[in-house]
Amino acid sequence: MNSLSFIVLPLLAISIPSLSAAPAPGKTAAKPKTTHNDDKIGEEFRDMQLESWVLNHGLPEPKSGINLDRWNASSANDRPEERGFYLEGDILYQTHPSATKSAQVGEYYKWPNAQVFIKISGAFAPHEVNIIKKATQYIEKHTCIRFFFYQPGIQKDYVDITNSHTGCFSSVGRTGGRQVLNLQSPQCVNLRTATHELIHSLGFFHEQSRSDRDKYIQIEWGNIHSHEINNFKRHDNSNHQGLAYDFQSIMHYSRFAFARNPRLPTIRFKPPYEGWEKVAKNDQMTWTDVEKINKLYKCPSTSASPTSS
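Since the structure is predicted, the reported quantities are computational estimates derived from the model, not experimental observations. (Residues numbered from 1 in each chain as written. Predicted model: local features only at pLDDT ≥ 70, side-chain atom pairs only at ≥ 80, totals over all residues. Heavy atoms only, no water.)

Look at the UniProt record and you will see "active site" (unreviewed entry) annotated at Glu197. Counting through the fold element by element, Glu197 comes out in helix H5 (residues 191–202). Once residues lying within four places of it in the same chain are set aside, the contact partners of Glu197 are Glu81, Asp90, Cys168, Phe169, Ser170, Leu181 and Leu183. (UniProt positions renumbered as here; feature names shortened; annotations may be inferred. Helix = DSSP H or I, 4+ residues; strand = E, 2+ residues; numbered from the N terminus. Contact = heavy atoms within 4.5 Å.)

It is worth spelling out H5 at this point. The terminal C-alpha atoms of H5, which comprises 12 residues, lie 17 Å apart, in line with the 16 Å expected from a rise of 1.5 Å per residue. Most of H5 sits out of view: 12 of its 12 residues are buried. Those residues of H5 that fall on the buried side of the exposure criterion are Leu191, Arg192, Thr193, Ala194, Thr195, His196, Glu197, Leu198, Ile199, His200, Ser201 and Leu202. Structurally, the start of H5 carries an N-cap: the backbone nitrogen of Arg192 is 3.2 Å from a side-chain oxygen of Asn190. (Expected span 1.5 Å × (residues − 1). Buried < 20%, exposed > 50% of the residue type's maximum accessible area, 1.4 Å probe, protein only. Polar contact = N/O pair within 3.5 Å; in protein donor to acceptor, adjacent residues only side chain to side chain.)

Moving on, we get to the nonpolar core. Residues Ile145, Ile161, Leu183, Leu202 and Tyr297 are the most contacted members of the largest nonpolar core, which totals 34 residues. Counting only elements with at least two residues in this core, the list comes to strand E1 (115–120), helix H4 (126–142), strand E3 (158–162), strand E5 (178–183), H5 and helix H6 (287–296). Top contributing element to this core by residue count: H4, with six residues. Aside from chain neighbours lying at most four places away, what touches Leu183 is Phe124, Ile132, Ile161, Thr162, Asn163, Gly167, Cys188, Val189, Thr193, Ala194 and Glu197. Ranked by size, the runner-up nonpolar core spans 15 residues in total, among them Tyr253, Ile267, Trp276 and Ala280. (Core = buried A, V, L, I, M, F, W, Y, C linked by side-chain atoms within 4.5 Å.)

So, about the sheet that holds strand E4 (residues 168–169). The sheet built from five strands is open, its strands ordered E2-E1-E3-E5-E4 with mixed pairing. The open sheet has two edge strands, strand E2 (146–149) and E4, and neither has a second partner. Pairing geometry for E4 and E5, over two bridges, is antiparallel. If you follow Cys168 over to E5, its bridge partner there is Leu183. H4 contacts E1, E2, E3 and E5 of the sheet and is inclined by roughly 145° relative to E2. Packing against the sheet, H5 makes contact with E1, E2, E3, E4 and E5, and its axis sits at approximately 160° to E5. (Pairing = 2+ DSSP bridges. Axes fitted to C-alpha atoms, helices over the stretch in contact; angles between N-to-C directions.)

Now for the pairing of E5. Burial analysis of E5 places five of its six residues in the buried class, which makes it a mostly covered element. Across five bridges, E3 lies against E5 in parallel orientation. Counterpart to Asp160 in the pairing with E5 is Val180.

Moving on to the packing of H4 against H5. Close contact between H4 and H5 brings their axes to 9 Å; oriented N to C, the two are set at 55°. What the angle tells us is that H4 and H5 run oblique. Note that H4 runs across H5; the crossing there is right-handed. Contacts between H4 and H5 involve Ile131, Lys134, Ala135, Thr136, Tyr138 and Ile139 on the former and, on the latter, Leu191, Ala194, Thr195, Leu198, Ile199 and Leu202. (Parallel < 35°, antiparallel > 145°, perpendicular 65-115°, else oblique. Left-handed = near helix turned anticlockwise from the far one by under 90°.)

The tally for this structure, following the rule as stated, stands at 10 salt bridges. A salt bridge links Arg192 to Glu81; the shortest N-O distance between them is 2.0 Å. Of the two residues, Arg192 is situated in helix H5 and Glu81 in the loop between helix H2 (63–69) and helix H3 (97–100); the sequence distance between them amounts to 111 residues. Note that Asp160 is salt-bridged to Arg178, the shortest N-O span being 2.7 Å. With a gap of 18 residues between them, Asp160 in strand E3 and Arg178 in strand E5 connect regions that are remote in the sequence. Each of Glu207, Arg210, Asp212 and Lys292 takes part in one network of salt bridges that share partners. (Salt bridge = Lys/Arg side-chain N within 4 Å of Asp/Glu carboxyl O.)

Moving on, we get to the packing of aromatic side chains. The geometry of an aromatic ring pair comes down to the distance between the two centres and the angle between the two planes. In this structure the tally under the stated criterion is 14 aromatic pairs. Ring geometry for Tyr150 against Tyr158: centres 3.7 Å apart, planes inclined by 15°, an arrangement best described as stacked. Residues Phe232 and Tyr253 carry aromatic rings whose centres are separated by 5.4 Å and whose planes lie at 75° to one another, so their mutual orientation is edge-to-face. On the criterion of sequence distance, the pair formed by Phe232 in the loop between strand E6 (217–219) and strand E7 (267–269) and Tyr253 in the loop between E6 and E7 is long-range, its members being 21 residues apart. Here Phe232 matches Tyr253 in class, with each residue buried. By way of ring pairs, the aromatic residues Tyr216, Tyr245, Phe247, Phe269, Tyr273 and Trp276 are connected into one cluster. (Phe/Tyr/Trp six-rings, centres within 6.5 Å; stacked < 30°, edge-to-face > 60°.)

Below, the discussion takes up the pairing of E3. Counted residue by residue, E3 has five buried out of five residues, so it is predominantly covered. Burial along E3 is two-sided: the face carrying Tyr158, Asp160 and Thr162 and the face carrying Val159 and Ile161 are both buried.

In structure tokens, the structure reads:
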């Protein structure tokens, strides 16, 4: 394995954030009954023309829910947010120039004073609300980002966290007014996916869309569904703030994202980085993830030991 190393920040051992009192744990939602099998996903869910596929990225649509219902955590090699028919799987399309040319958006999309106002309006079970709150605290713990509950008539811009649409998705950065972050229950309501979508809302795209990604990974184009080729588009003018490519980033695709054959990868790590394929789980924030947020929002310097509790 290459000598590059990444510090992974602990995700599970955290308390409920101070947004409000923690709800009592609720009854665990039933797991999907359908076993994931990409070979059985009919072409009726993948027959969209590329033009309409791009135009519809700005609107929630039902196909993502049908696709996600077939996802099963115990058998799938991909992740729930990679099952959507949105831009890159889980991003609502944006038209502002800075949103299409950078791996993280410009000043236009940053949250002023690193303060993000949220509303949890979905029909979530109490334990699911608990998970969402843990995700906000996880980000707060390692950055200067602070989450507050939205107060109607006082704040104009806020993130409305719901499960009333299909799929896992978020806009990238602050878009102005109400913006939806959707976590379809139960598949999307886990600490990793909730954290991933919240980081999108802070202004970040996926790690593998960086302009320098071809130095580190190889895209297996032949194993990608034809209507999902654009999900692997490279952002040629991305600003990665001088930070190394992060194979373990929580914002990196899984190696089997959007695969025609779910047993074969769509992403391979180039020499001499092949060793990361066995250890890159992408299920927690890394030191690099934290540094990107802190640099974008001009947070105070991070501690020497970002893994400390």
